[in-house]
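# Examining the three-dimensional arrangement
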Amino acid sequence: MGIDALSKNDPSSFSNTEDVVVRHAHISWLVDFKKQTLAGSVRLTLEKVIDTVNKVVLDIKDIDVTKVTFDGEILEFVKGPTVGTFGESLTITLPVNVPKTFNVIIQYESSSKAYALQWLSPEQTAGKTHPYMFSQCQSIHCRTIMPCQDTPDVKFTYSAEVDADAKLTVLLSGVSTGTPEALPGTTLRRHKFEQRVTIPSYLLAIVVAKISFRTISPRVNVWAEEQNVEAAAWEFGQAEEQLKFAEEICGPYEWGRYDLLILPPSFGYGGMENPCITFVTPTCVVGDRTQADVIAHEISHSWTGNSVGIKNFEHFWLNEGWTMFVQRKIESKLFGEKHRHFSAILGLNELRNTVNDSKHPEIETNLVKNLVGIDPEDVFNTVPYEKGHTLLFYLETLLGGPEAFDPFVKSYCQHFKGRAITTDDFKAYLYEFFASKKDVLDSVDWQTWFFGLGMPPVIPDYDKTLSEQCTILVQKWLKCPEAEIDTLNSSPGYKDLSPLQQREFFDQLGLSDEIISIKKLEKLDEWYNLKTVRNTEVKFRWLRLCIKAQWEAKIGDAIEFATIQGRMKFVRPLFRSMYAWPAARDRAVEAFKAHRDEYMYITARLVALDLHLET
Ligand code: BES
Ligand code: ZN
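It is worth spelling out the pairing of strand β15 (residues 188-199) at this point. Here strand β11 (residues 156-165) runs beside β15; their pairing, made up of 9 bridges, is antiparallel. Residue pairing for β15: E161 is matched across the bridge by K192. Note: strand β13 (residues 175-176) against β15, 2 bridges, orientation antiparallel. Within β15, the residue paired with S176 across the bridge is F193. Looking at chain direction, strand β14 (residues 181-182) and β15 are connected through 2 bridges and run antiparallel. Among the inter-strand pairings, E181 is bridged to a residue of β15, identified as R190. As consecutive antiparallel partners, β14 and β15 are separated by 5 residues, and within that stretch G185 has a phi angle of approximately 80°, a positive value.

Set out below in structure tokens:
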């Protein structure tokens, strides 16, 4: 049975995309900070797939639709019942005479609760003087800011006119077309944008804030609040170089600009691959450039994900697994093949943690999902990333190494450019490309790779040079009798490790069956200056280890770190492990409740689930 049998359509969407599809959206928005809404209209250009279609079904959530027209004629519309986090259907009845391609204009206003948006008060920004608003539409939040076919199966171009306070900058996930114009008699300016490459709805993005930029190269600007922009521009100074490497791997960059936006600390992700403007967490700006891998990752999505898309989120691994693969190819070009392998080892650590902690392995640890009735975000974790990467690396090794696989990577990106594919499409093209190696491909246990639970069936034999240096130090710490701890202070070790190796050091300590004693943790803290560590990846692992070892004195630090920033990768595991430990549980729950409104909607919802505050 083909994988496609799982679902023909997108189980997250109400849209009747088999009958009619959106080709273009023309957006008109007024950004209202007082009401916390986007008000205006969208003109959807639709194309009939079947001639007899008599209605358009769109996705909406918490949207107030006031009027729908076709050619000036008012159309009837009806909103369906709310289905969990999926929202509602919006069914528009079409007149009999609509041509093959036609426009409908929908007037509407978003809700102040729109899941896609976060509205920050001036106090919540670095500058403290102006409010800030940004969006996050992936996975299924676009429907809270625009009636649309909210499925990655449908790709459309868009144009937009956005009116906002003249003191603020507006950026969208497209290119700006002309300088903003003041609107006479108001305090507003009108900004115009266009995205000429077709995109799925989840890549629509907007930011409205007091921000400025520094230029890295003719196509790369780094945007942030003025206070943070210099540091950010330094941290991501290699973006252009990474972009060029990505082009060597995947083919020409087709999106024109590649800008970066550093968001306020509540941004829930490391990065988000919004076209023409990647969104990045400020927790990556740590002063050592070691988190440039996040940029390599988002750059890679320009091909894997944004160009070669997915039919629905059941095949999300094609986005993220492929992107991890291309990201690590870029890392190889920057720092060498050993580094690429080391980065994969760090990824496997995360995968092990996810698999070990999984409460619902049957939906959380398989690569290809059945998402009927399941919100894609409820099963979001490292599995599509790292199991996906492991499969691709395994295939590379099996098929003859980078020399044989590199041409396939480029060809895959070109072959499926602009399309929305499934796991079966990927597999079929792999067989087509490597037709002469059919026997080798037939030896792959596809069933287990795609649908098996837990760790991948094969773990590649990665180069361990860089991780072994960490293993030696980890063993020293674990094996050392308590009475002799002081001998570890003088031995060389931690400070000679690179920041990435420091991550590995704490990963290994955390993944070991042996739990390190609190006495040893106290020494680690003191000798390695862990109270002041700036690298957030290291800090997170350190605090996770302290909680795992049940060191009570560190609960406060863990809570502080989980509440001053909102990156889910850090926040969720810390809250979860505090919840699992009775001595920390109440304090963690209380802290979360006190800070709940400062997180993005999705972070708050998922942490609330983790803390059993909601079902
Ligand atoms: N597209 C994702 C972020 C995302 C995934 C948002 C699912 C909403 C739903 C982005 O490209 C990503 O993977 N970010 C990672 C970066 C890391 C793997 C380098 C992150 O946020 O940690
Ligand atoms: Zn990604």
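Now that the structure is up, let's keep going.
We now examine the packing of aromatic side chains. Under the criterion given, the structure shown has 52 aromatic pairs. Look at W322 and Y412: their rings are 4.2 Å apart centre to centre, the planes differ by 10°, and that puts the pair in the stacked class. In this pair, W322 sits in helix α4 (residues 316-335) while Y412 sits in helix α8 (residues 402-415), placing the two residues 90 residues apart along the sequence. For W322, a relative accessible area of 0% translates into the label buried. Here Y412 falls in the buried class, since its relative accessible area comes to 1%.

Spatial strand order, β3-β7-β6: 3 strands in an open sheet with antiparallel pairing. One side of each edge strand has no neighbouring strand; the edge strands of this open sheet are β3 (55-60) and β6 (77-79). If you compare each strand with its neighbour and ignore which way they point, the axes differ by 20° on average. Relative to strand β7 (residues 88-93), β3 is paired through 6 bridges, and the arrangement is antiparallel. Considered in β7, the bridge of V56 is made with I92.

In this section: the domain arrangement of the chain. Split into domains, the chain comes out as domain 1 (311-451) and domain 2 (465-610). The distance between the C-alpha centroids of domain 1 and domain 2 comes to 29 Å. Residue-level contacts link 15 residues of domain 1 with 17 residues of domain 2. Across the domain 1 to domain 2 interface the summed buried area is about 1400 Å²; carbon plus sulfur atoms make up 59%. Contact with domain 2 buries area across many residues of domain 1, yet F342, L346 and E350 alone supply 37% of it, more than any other trio.

This paragraph deals with helix α5 (residues 337-357). For α5, spanning 21 residues, the distance from its first C-alpha to its last is 31 Å, which sits close to the expected 30 Å at 1.5 Å a residue. Taking burial as the measure, the 21 residues of α5 include 15 buried ones, the bulk of the element.

Another point: the nonpolar core. Counting residues in hydrophobic clusters, the biggest one holds 147 residues, and the most contacted among them are W322 and L395. Per-domain counts for this core show at least three residues from each of domain 1 (311-451) and domain 2 (465-610). Counting 51 residues, the second largest nonpolar core, distinct from the first, contains L509, W581, A604 and A608.

Let us look at the site of ligand 1. Neighbouring residues of ligand 1: 18 residues in total, closest Q138, G270, E273, E298 and Y385. Take E273: an N or O atom from its side chain is 2.6 Å from a nitrogen atom of ligand 1. Between ligand 1 and H297 there is a distance of 3.0 Å, counted from an oxygen atom to a side-chain nitrogen or oxygen. Computed on the free molecule, ligand 1 has an accessible area of 520 Å², of which 92% lies beneath the protein chains in the complex. Looking at the shell around ligand 1, the elements that each hand over two or more residues are β20 (271-272), α3 (292-301) and α4. Here the element with the most residues in the shell around ligand 1 is α3; it accounts for 4 residues.

Attention shifts here to the coordination of the zinc ion (ligand 2). Taken together, the protein ligands of the zinc ion (ligand 2) are H297 (NE2), H301 (NE2), E320 (OE) and E320 (OE), with distances of 1.9 to 2.7 Å. Geometry at the zinc ion (ligand 2) is irregular, judged from its 6 donor atoms and the angles of 53 to 159° they form at the metal. Taken in chain order, the donor set of the zinc ion (ligand 2) reads H-x3-H-x18-E. Of the two residues, H297 and H301 both sit in helix α3, 4 residues apart, roughly one turn of that helix.

The full count for this structure, using the stated rule, is 41 salt bridges. Close ionic contact of R328 with E386 constitutes a salt bridge, the shortest N to O distance being 3.0 Å. Of this pair, R328 sits in helix α4 while E386 sits in helix α7 (residues 383-398), and the two are 58 residues apart along the sequence. Overall, the relative accessible area of 2% leaves R328 in the buried class. In this structure E386 comes out as buried when scored by relative accessible area, which is 6%. Here the residues in one salt-bridge network are E350, R503, D507, E537, R541, R544, R567 and K569, joined through shared partners.

Reading the values: rules and limits
- Residues numbered from 1 in each chain as written.
- Chains lettered and ligands numbered in written order.
- Predicted model: local features only at pLDDT ≥ 70, side-chain atom pairs only at ≥ 80, totals over all residues.
- Heavy atoms only, no water.
- Pairing = 2+ DSSP bridges.
- Helix = DSSP H or I, 4+ residues; strand = E, 2+ residues; numbered from the N terminus.
- Phe/Tyr/Trp six-rings, centres within 6.5 Å; stacked < 30°, edge-to-face > 60°.
- Buried < 20%, exposed > 50% of the residue type's maximum accessible area, 1.4 Å probe, protein only.
- Axes fitted to C-alpha atoms, helices over the stretch in contact; angles between N-to-C directions.
- Domains from an automatic or database assignment.
- Contact = heavy atoms within 4.5 Å.
- Buried area = accessible area lost by both parts, 1.4 Å probe.
- Expected span 1.5 Å × (residues − 1).
- Core = buried A, V, L, I, M, F, W, Y, C linked by side-chain atoms within 4.5 Å.
- Near = heavy atom within 4 Å.
- Polar contact = N/O pair within 3.5 Å; in protein donor to acceptor, adjacent residues only side chain to side chain.
- Areas by Shrake-Rupley, 256 points an atom, 1.4 Å probe, with all protein chains shown as cover.
- Donors = N, O, S within 2.8 Å, 3.2 Å for Na, K, Ca; no water.
- Tetrahedral: all angles 85-135°; square planar, octahedral: opposite > 155°, others 65-115°.
- Salt bridge = Lys/Arg side-chain N within 4 Å of Asp/Glu carboxyl O.

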